[in-house]
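Close look at the chain arrangement
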Amino acid sequence: MLNYYREIYIFLFYNDTTENIFILGGNKMIRRKYMRSRQLKPGMKIDQVVVDRMGRNLVERGSILDEYVIESLIKLGVMAVYIQDGEYDPDDPDKVLSAAARRNVERLRTDDRSKVTLSDSVRKRVSEGIQYIYSNTGSEDLANATDSIADELMAAIDNNDAIAIDISALKTSDEYTFKHSVDVATIAMILAKQQGLSKKEVYEIGVSGLLHDIGKTKIPNEILNKPGKLDDKEFAIMQQHSVYGYHMICERPEFSREVCLGVLQHHEKMNGKGYPLGVGESRICKYAQLLSVADVYDALVTERPYKSAFSQRDAVEIIMSMTSELNMAAMKSFLESMILYPVDSLVDLSNGERARVVRNNPHYILRPVVVGVESGRVYDLGEDLKCASIIIM
């Protein structure tokens, strides 16, 4: 793999330091050292990703170096890399930061906007409830079970006046359909709140989100979980899931017309190229326009049998490119609501440095303010033009 990219410029910056620094690694600290490539030895573990200028990974973090990889790095012009140099259990977790970094973190750290949080007990109830719904679609208790989950999500939003969401923090189930339904409902509810919709509308959008894929219970598993691209016939069957879902709830008086239309239209596009009806923006209900953004994002960042998960950054960039397909107001609300890099999290920058997030900017979802854990340098990725070429990897 490295041989193929031998002539591609590697987007890394170097310095001459060989000092040990410490970084967070799960519940422990990992000691890392910056070493010249010619000093590397087989068996060492690299502690950074080596990428080309297109952002493609050439060497993964955690890879064990052998003579071929070391030789290839040198031939590629990679003069130095970070390697792991053991673990360290500190009494003081602030040892992750240099003195200069600690000062800047303390000076600049700003808490994230209030986020949706679910306690363990709520997660358990939500997980059990959503599994019941999708396993008992014909039950007379379907509406009550759905309302129970929507109540839990509404309370989680109201309890701390949440206006933002960290999707990686939800984790209500390991099963895709269940987790996806809760994620879509929660994201759409936050978007609705951002847009100033009434509590009733926020609640109903949550109900519609929980049920938006209920029609997939009518799709054969061999199509639903096919580990490859669907053929035209299979895709036509898959497209019917929103119709099935609509018919499963539209005759129940407990569900409003808007909730049912949200289920029916969540795959419609503003340009009229969606399904199942192929209608344009003026005929797509408000609930579906919000659900569509939430549905696309969560599907992108989730691994499935037929595709790998996109990174959150790549998923956001894809969302931003879908201006002809997604409602612009819903997209704006999404970009102002999502928190991809929570304050205090560690990120890797494209200049080779690891940094701690100290402040998020809702107008620049991909570009928070961060502080280099070793250098202490402040990178205002959203406002400082000198940081324009630096991205979070």
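Comments concerning the overall build of the protein
- Looking only at helices and strands, the protein has 13 helices and ten strands in total.
- Each of the 393 residues in the protein was classed as buried or not, and the buried ones make up 51%.
- Counted over contacts in the protein with a minimum sequence separation of 6, partners at least 24 positions apart contribute 64%.
- With an accessible surface of roughly 18,700 Å², the protein has 49% of that area assigned to carbon and sulfur atoms.

Focus: the layout of surface pockets
- Estimates place the volume of the largest pocket at around 790 Å³.
- Those elements giving two or more residues to the lining of the largest pocket turn out to be helix H5 (176-194), helix H7 (221-224), helix H8 (232-238) and helix H11 (286-300).
- Looking at the lining of the largest pocket element by element, the count peaks at four residues for H11.
- Partitioned by chemical class, the residues of the lining of the largest pocket number 14 nonpolar, six polar and ten charged.

A short note on the pairing of strand S8 (residues 354-359)
- Of all the six residues making up S8, five are buried; the element is thus mostly covered by neighbouring parts of the structure.
- As paired elements, strand S7 (residues 346-348) and S8 share three bridges and run antiparallel to each other. Note on S8: the bridge partner recorded for Leu346 is Arg356.
- Hairpin geometry of S7 and S8 is characterised by an intervening segment of five residues between the two adjacent antiparallel strands and by a positive phi of about 95° at Gly352.
- Looking at chain direction, S8 and strand S9 (residues 369-372) are connected through four bridges and run antiparallel. Counted as the bridge partner of Arg356 is Val371 from S9.

A closer look at the packing of helix H6 (residues 199-211) against helix H10 (residues 257-265)
- Where H6 contacts H10, the axes come no closer than 9 Å and their chain directions differ by 40°. Where H6 crosses over H10, the two elements pack in a sense that is right-handed. Contacts between H6 and H10 involve Glu204, Val207, Ser208 and Leu211 from the former and Glu258, Val259, Gly262 and Val263 from the latter.
- Class assignment of the residues belonging to the contact of H6 with H10 gives a composition of four nonpolar, two polar and two charged.

Thoughts on the pattern of salt bridges
- If you walk through the whole model with that rule in mind, you get 19 salt bridges.
- A salt bridge links Asp158 to Lys199; its shortest N-O distance comes to 3.4 Å. Of this pair, Asp158 sits in helix H4 (residues 142-159) while Lys199 sits in helix H6, and the two are 41 residues apart along the sequence.
- Take Lys199: its relative accessible area is 55%, and that puts it in the exposed class.
- Bridged by salt links that share partners, the residues Asp47, Arg61, Asp348 and Arg354 form one connected network.

Description of the pairing of S9
- What you see with S9 is no split at all: Val369 and Val371 on one side and Val370 and Gly372 on the other are buried throughout.
- Relative to strand S10 (residues 378-380), S9 runs antiparallel, the two sharing three bridges. Bridged to Val371 within S10 is Val378.
- Hairpin connection of S9 to S10: five residues between the antiparallel strands, including Gly376 at a positive phi of 80°.

Section: the environment of Phe235
- If you trace the backbone, Phe235 turns up in helix H8.
- Sequence spacing of Phe235 and Ile223 is twelve residues, and the spatial spacing of their C-alpha atoms is 8.3 Å.
- Those residues in contact with Phe235 that sit more than four places away from it in its chain are Leu230 and Tyr275.

Things to note about unusual backbone geometry
- The linkage connecting Tyr275 with the following residue, Pro276, adopts the cis geometry, with an omega of 10°.
- Positioned with a positive phi, Asp344 is a non-glycine residue whose angle comes to about 85°.
- Secondary-structure assignment places Asp344 in the loop between helix H13 (328-337) and S7.

Considerations on empty space enclosed by the protein
- The full count for this structure, using the stated rule, is one cavity of 30 Å³ or more.
- Here the largest cavity defines a volume of roughly 40 Å³.
- Lining the largest cavity, in full, are Arg113, Met338, Ile339, Leu340, Asn360, Asn361, Pro362 and Ile365.
- Its residues assigned to classes, the lining of the largest cavity shows five nonpolar, two polar and one charged.

Structural notes on the sheet that holds S8
- With antiparallel pairing, four strands are arranged side by side in an open sheet as S7-S8-S9-S10. The strands lining the two open edges of the sheet, one partner per strand, are S7 and S10. Across the sheet, the axes of successive neighbouring strands diverge by a mean angle of 40°, strand direction being ignored.
- Its contacts with the sheet put helix H2 (residues 99-108) on S8, S9 and S10, and the angle it makes with S9 is roughly 160°.

Some words on the environment of Glu67
- As for its placement among the helices and strands, Glu67 is situated in helix H1 (residues 67-76).
- Residue class for Glu67 comes out exposed when judged on its relative accessible area of 62%.
- Distance from Glu67 to Pro42, taken between C-alpha atoms, is 5.7 Å for residues 25 residues apart in sequence.

About the thresholds
Residues numbered from 1 in each chain as written. Predicted model: local features only at pLDDT ≥ 70, side-chain atom pairs only at ≥ 80, totals over all residues. Heavy atoms only, no water. Helix = DSSP H or I, 4+ residues; strand = E, 2+ residues; numbered from the N terminus. Buried < 20%, exposed > 50% of the residue type's maximum accessible area, 1.4 Å probe, protein only. Contact = heavy atoms within 4.5 Å. Areas by Shrake-Rupley, 256 points an atom, 1.4 Å probe, with all protein chains shown as cover. 1 Å grid on protein atoms, 1.4 Å probe; cavity = no way out; pocket = protein on both sides within 12 Å on 5 of 7 lines; lining within 4 Å. Points joined across faces, edges and corners; volume = space filled by probe spheres on them. Nonpolar A, V, L, I, M, F, W, Y, C, P; charged D, E, K, R; others polar. Pairing = 2+ DSSP bridges. Axes fitted to C-alpha atoms, helices over the stretch in contact; angles between N-to-C directions. Left-handed = near helix turned anticlockwise from the far one by under 90°. Salt bridge = Lys/Arg side-chain N within 4 Å of Asp/Glu carboxyl O.

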